[in-house]
Amino acid sequence: MKIASLIAALSAAAALTALGQEGVIQDVKHGAKKAGETIKDGLETAGEKTKETAKTVGKKTKETAETVGEKTKETGETVVRKTKETANGTGEKASGTIQKTHHKSRKAASKAKAQTTEEQTTDRDSNRPAPSPTP
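Quantities reported herein were computed from a predicted structural model and do not represent experimental measurements. (Residues numbered from 1 in each chain as written. Predicted model: local features only at pLDDT ≥ 70, side-chain atom pairs only at ≥ 80, totals over all residues. Heavy atoms only, no water.)

Student: Before we move on, can you summarise the environment of Thr-38 with the specific residues and values?
Tutor: Here Thr-38 is to be found in helix H1 (residues 2-127). One polar contact links the side chain of Thr-38 to the main-chain carbonyl oxygen of Lys-34, over a distance of 2.9 Å. (Helix = DSSP H or I, 4+ residues; strand = E, 2+ residues; numbered from the N terminus. Polar contact = N/O pair within 3.5 Å; in protein donor to acceptor, adjacent residues only side chain to side chain.)

Student: Quick one: what's the story with the pattern of salt bridges, residue by residue and with numbers?
Tutor: Summed over all chains, the structure comprises one salt bridge. One salt bridge connects Glu-85 with Arg-81, and the closest N-O pair in it is separated by 3.5 Å. Of this pair, Glu-85 and Arg-81 both sit in helix H1, four residues apart, which is roughly one turn of that helix. Relative accessible area serves as the criterion here: at 42%, Glu-85 is assigned to the partly exposed category. (Salt bridge = Lys/Arg side-chain N within 4 Å of Asp/Glu carboxyl O. Buried < 20%, exposed > 50% of the residue type's maximum accessible area, 1.4 Å probe, protein only.)

Student: Provide a residue-level description of a negative patch on the surface, including the pertinent values.
Tutor: Where like charges cluster on the molecular surface, the negative patch consists of Glu-37, Asp-41, Glu-44, Glu-48 and Glu-52. Along the chain, Glu-44 turns up in helix H1. By relative accessible area, which is 41% here, Glu-44 ends up partly exposed. (Patch = residues over 30% accessible without salt bridge, like charges linked within 9 Å, V, L, I, M, F, W, Y side chains within 5 Å. Areas by Shrake-Rupley, 256 points an atom, 1.4 Å probe, with all protein chains shown as cover. Lys, Arg positive; Asp, Glu negative; His and termini not counted. Charge placed at Lys NZ, Arg CZ, Asp CG, Glu CD.)

Okay, here's the thing in structure tokens:
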């Protein structure tokens, strides 16, 4: 009977150990399942955040492109306006300069003509014999 008691005790101990290990395995499975769900939730959240960020970046890029387009258009218009102003101003200045140059040129020509006439008169006088001092 002692042997039967010993066998029964060993069988009970083996059964309890097997049941204990089964519980540990179930706990590990449950923990792993929970960790997997947490990771899945985290990835879904990250995916949503990435999608929102991509939309925001797209929107900001579009706004920036529109602003750059407007500024480029304004700059082009300013360049055209300034070029026209410069061209018109240069035309007026050139016209005035031409008139001044023409006036100065005519004035110089008149002066030269007068000087030449005066020199010719002086030359004629010097070519004549001096009047004799005899009375």
